[in-house]
Amino acid sequence: DELRSDLLDVILASSDTSLVALYNDDVQARDLAAQAEAAGQRQKTTQRTAGRKIREQCSDLVSALMICEPHYVRCVKSNENKAALNCDDERVTHQVKYLGLPENVRVRRAGFAYRTEYHRFLERFKVLSTRTYPAEWTGSDKDGARCIVEAATKLGQSSFADEPILKHLAALGNASDTQFGRTKLFVKQPEVYFALEKAREHKFAAYASKIARSWRKANDMKESIIIQRDLARKYSSIGKRRRASSVDRPYLSDYLRDDDAAFRGARRGLHAILKHYNDDEGRILFLDPLTRILRKNPTPKKDTPPGFFLPRVLAVTSNALYLIEKCSTEESGAKHRVWQLRRRLELREICGLIVSRAADDIVVLKVRGERGFIKADKKALIDSGKWQKNADIKVCPITGKNFGLLSAKRHHCRASGRIYAAEACETRQTFPDDGWHQPERVSDALVGLHSSEPREDIALSLERRSELVAVLIKANNIKLRGENLIDLEVSASPLSITPKSLEFGIGTAKLESRPPQITGSIDKFQLDAPIGVDETAAQAKRQRADDRRARRAEARRQERERRRQRDAERDALRREERRKALREKKARKAAEREARARAAGATIISGSARRRGIGRSGGASSSSASGSVATYSAPKPQQQIRDTAQPIRQPAPPPTKNISSKPPPPMLKTEPPKVPSQLSAASEYYWQHLHTGAQCGPSTLAELKAKYEGGETNNDCLVYAAGVVEEWKTIGQVPILAEYLAAKPKPTPPKPKPPPPAKKPPPPPAAPPSSSQQQQSRPRPAQPVAKATTSSNGGSVNSELAAKLARRRAAAGE
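Residues numbered from 1 in each chain as written. Predicted model: local features only at pLDDT ≥ 70, side-chain atom pairs only at ≥ 80, totals over all residues. Heavy atoms only, no water.

A. Representation of the overall build of the protein in the model. Within the protein one finds 19 helices and 27 strands. Taking all 814 residues of the protein together, 33% fall into the buried category. Look at the contacts in the protein between residues 6 or more apart in sequence, and 61% of them connect residues 24 or more apart. For the protein, the accessible surface area stands at approximately 52,000 Å², while carbon and sulfur atoms represent 53% of it. (Helix = DSSP H or I, 4+ residues; strand = E, 2+ residues; numbered from the N terminus. Buried < 20%, exposed > 50% of the residue type's maximum accessible area, 1.4 Å probe, protein only. Contact = heavy atoms within 4.5 Å. Areas by Shrake-Rupley, 256 points an atom, 1.4 Å probe, with all protein chains shown as cover.)

B. Expanded view of the nonpolar core. Residues Val 313, Tyr 322, Ile 324 and Phe 403 are the most contacted members of the largest nonpolar core, which totals 33 residues. Of all the secondary-structure elements, those providing two or more residues to this core are helix H10 (266–276), strand E5 (308–316), strand E6 (320–331), strand E7 (334–346) and strand E11 (419–420). By residue number, the principal contributor to this core is H10, which donates 4 residues. Other than its neighbours up to four places away in sequence, Phe 403 contacts Ile 393, Lys 394, Val 395, Cys 396, Ala 408, Lys 409, Arg 410, Ile 419, Tyr 420 and Ala 421. Counting residues in each nonpolar core, the second largest holds 31 residues, with Ile 227, Leu 231, Tyr 235 and Leu 468 among its members. (Core = buried A, V, L, I, M, F, W, Y, C linked by side-chain atoms within 4.5 Å.)

C. Geometry of the confidence of the model for the protein. For the protein, mean pLDDT is 76; residues scoring 70 or higher make up 77% of the total. At the low end of the mean pLDDT range in the protein sits helix H15 (residues 622–625), at 34; at the high end sits helix H5 (residues 89–98), at 92. Within the model, pLDDT remains below 50 along residues 771–797, and this stretch shows 12 contacts once partners closer than five positions in the same chain are excluded. (pLDDT = per-residue confidence, 0-100.)

D. Highlighting the packing of helix H1 (residues 5–12) against helix H3 (residues 24–38). The contact between H1 and H3 brings their axes to 11 Å, and the two run at 130 degrees. As judged from the angle between their axes, H1 and H3 are oblique. Pair H1 / H3 crosses with left-handed handedness. The segment H1 lies against H3, with Ser 5, Leu 8, Asp 9 and Leu 12 engaging Asp 26, Val 27 and Arg 30. Looking at the contact of H1 with H3 residue by residue, the classes come out as 3 nonpolar, 1 polar and 3 charged. (Axes fitted to C-alpha atoms, helices over the stretch in contact; angles between N-to-C directions. Parallel < 35°, antiparallel > 145°, perpendicular 65-115°, else oblique. Left-handed = near helix turned anticlockwise from the far one by under 90°. Nonpolar A, V, L, I, M, F, W, Y, C, P; charged D, E, K, R; others polar.)

E. View of the sheet that holds strand E26 (residues 725–730). With antiparallel pairing, the 4 strands of this open sheet are ordered in space as E24-E23-E25-E26. Either end of the sheet is taken by a strand with one partner, and the two such strands are strand E24 (695–699) and E26. Looking at each pair of strands side by side, their axes are set apart by 15 degrees on average, direction ignored. Pairing between strand E23 (residues 685–688) and E24: 3 bridges, direction antiparallel. Following the sheet pairing, Gln 688 is matched in E24 by Gln 695. (Pairing = 2+ DSSP bridges.)

F. Here's a closer look at the sheet that holds strand E3 (residues 184–187). Read from one edge of the open sheet, 3 strands run E1-E3-E2, paired in antiparallel fashion. Each edge of the open sheet carries a strand with a single partner, namely strand E1 (114–117) and strand E2 (178–180). For this sheet the average axis-to-axis angle between neighbouring strands, irrespective of direction, equals 15 degrees. Bridge analysis of E1 against E3 gives 4 bridges, and the strand direction is antiparallel. Each bridged residue has a counterpart across the sheet, and for Arg 115 the counterpart in E3 is Phe 186. Across the sheet, helix H7 (residues 118–125) lies against E1, E2 and E3, angled at about 100 degrees from E1, the strand it touches most.

G. Structural context of unusual backbone geometry. Geometrically, the link from Tyr 133 to Pro 134 is a cis peptide bond, its omega value of 5 degrees lying close to zero. Mapped onto the elements, Pro 134 comes out in the loop between H7 and helix H8 (141–157). Of note in this structure, Lys 82 is not a glycine but carries a positive phi near 55 degrees. In this structure, Lys 82 sits in the loop between helix H4 (50–67) and H5. Note on Lys 82: relative accessible area 81%, which makes it exposed. We note that Leu 85 has phi near 55 degrees; this positive angle belongs to a residue other than glycine. Among the structural elements, Leu 85 can be located in the loop between H4 and H5.

H. Structural context of the pairing of strand E9 (residues 362–367). Judged by how many residues are buried, E9 sits mostly within the fold: 6 of 6 residues are covered. Side chains Ile 362, Val 364 and Lys 366 project from E9 onto one buried face, and the interleaved Val 363, Leu 365 and Val 367 project onto a second face that is buried too. Relative to E9, strand E8 (residues 350–355) runs antiparallel, the two sharing 5 bridges. What sits directly across from Gly 352, in E9, is Lys 366. If you look at the hairpin formed by E8 and E9, you'll find 6 residues sitting between the two strands.

I. Inspection of the packing of helix H16 (residues 701–709) against helix H17 (residues 735–742) at higher detail. Closest axis-to-axis distance for the H16/H17 pair is 9 Å, and the angle between their directions is 65 degrees. Judged by the inter-axis angle, H16 sits roughly perpendicular to H17. Judged by the sense of rotation from one axis to the other, the crossing of H16 with H17 is right-handed. Packed against H16, whose contacting residues are Leu 701, Leu 704, Lys 705 and Tyr 708, the element H17 presents Leu 737, Tyr 740, Leu 741 and Ala 742 at the interface. Partitioning the contact of H16 with H17 into residue classes produces 7 nonpolar, no polar and 1 charged.

J. Region of the structure containing H7. Looking at H7, one finds that the buried residues are Tyr 118, His 119, Phe 121, Leu 122 and Phe 125. Seen from one end, H7 has its buried residues packed into an arc of 160 degrees, which puts them on one side. (Arc of directions from axis to C-beta.)

K. Expanded view of the pattern of salt bridges. Here the structure, examined in full by the defined rule, presents 42 salt bridges. The salt bridge partner of Arg 570 is Glu 136, with a shortest N-O separation of 3.8 Å. Separated by 434 residues along the polypeptide, Arg 570 in helix H13 (residues 535–600) and Glu 136 in the loop between H7 and H8 bring together distant segments of the chain. A single burial state applies to Arg 570 and to Glu 136, both of which are buried. (Salt bridge = Lys/Arg side-chain N within 4 Å of Asp/Glu carboxyl O.)

Structure (structure tokens):
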């Protein structure tokens, strides 16, 4: 390393000659540098010594450490083999113990284990309160956190908290366990935080189910519009009149109300039936209560009119159609009512749909299949293997009783063909498809799971007839016909309940909700229907429905836009509050660092002092040289703390002047734009870098203008200056500043050249001197100044060659 000049002088002044001899090379180098400086040549810049580099790096490291906040990270090695997904419990426990983690956890839990800002708590747990979600919360973040705490406390105290962990939410109401600070919420027990997370998961699960239902409903609504328009064209082609309530009615697929006492338990019974036929994995396309038109009342009374409407529930899946009914059964001597299957039809078995041209709610399903009378044969069933043989079964599989002459008697289940004891198949049911037209024994586990009515056409009356027709047409491409006189194909079984024909006529009743009136004989029904509406009125109603949907969609879009704007404003306000808190925190830390530096005797360099060069080598002012402390201003970015000892630098020699053959043109002077009085109020500007997005500054207005002209910032970047821009704004939002930064300096015209002076007349020739005088007083010929010439490649010819050429010409007498 090179010694500084003062240290070299100290060593050379030593009386030890051997020590002085060690630095002869340094003395020669300094002398050569002094000669070169005296000759006007540029001296090479000396390199920094290793000690100076170490000192500067240590100073920068200490400054960076003083700015940062300490965060302790403890690393735990899971195993010695560096294997993934492998944890050595004994080794990890040893590390956790000797790192002191249990003690840290105990200390943390002794205070407030969970602490967070109000806005973060509100964003994470807002789903727990109906006041904060789904309705938009417009109050302060602290009030929103209070609402969430109150709702969670009530949830923990209620009986709906089915999980034990949710009981801990009741502790949120205790003032000792929950504290509301100025900007944060403090929760003491960690179990309360875990309970909050669990309640949040439950809410998300409930909302997920609701979203799924809403999504299906939205898809059904979109699909219903297409179905309704397609069905309207089909109805128009067959000349059918419509009910006003059925025009453009929304399609929901599931119309069964669980709170209706008449249909309570129907959904549970239907799921059992679907599970028996392995049809429970698909979606139910249509589910609605309806009535089936029967030929006669199953329990007739005196003077009963022909026809009867029997309430049932209809379900349509992607595979089959199900008709279920609530029936009375007797089991173990007790009577109770359960939902049983009356008829199951594969969709491919439905060959057609028939509706009348009147505005009624009746549809007829045309069914394929044999209508003749079928009688079962036990011997044939046993021989074919559908029934079990008596000799093969010795014990009842349900009761465990032995079969024999003096013991339990064997009974075949008509549904499965298996053999049970009498106690296991007491219930009786008809199976017309298999030839059992009288009630026969069936296993208790299979009661109500098989069709108990014969295969024949079905006449149904339901309010949502159009939706059912549309679903069946789409599911199996079934043909639709319109007839006012409908003939039905009935079964030859004594269990047949369908009328042979239906005749429709347009009545005078305007009330659409009442059931149709049936007249005529028991085989031929005559039904009246309301007046309904024609196609023109139906089209006008559909148009009004489209307009309403468009208005609702526009209102939802505007509400989303307003909510987005409010969210953006709220986020901007929160960001500004966080920036303000961060600036205050940095100012406090800067004041603490200044106090520590003052106590250590260091010099505090402010931003304005740095710009003026105070504290820098070669430009230290009198205050820094004398050891006084400069005025401290708490800036927003970090300040630097530097040691008072500054490295000594030699002044740089003046630059050498190049002699040119032609003087340069006069430089145009420019007048800088005037600084507005509003902008001069601020001395420090903080601005955003265009390419990195980082905060830069503090800078003067002139420095900011230079950065603006250099392309490091533009009108889309943020700027802040106390007294001018009190909050972070883009430069374009401050017109005065944007106009000043974009202004270009105006060039001033050069002054006119003065006229050249008049030429003086040449002096008269003097008398020639004598030879002796000429030899004594002859001066040395002056060396003409060599003009710099330019080579073909633009370089300059060496000045020494030009001087030699001039001396030769003078010696030759030119």
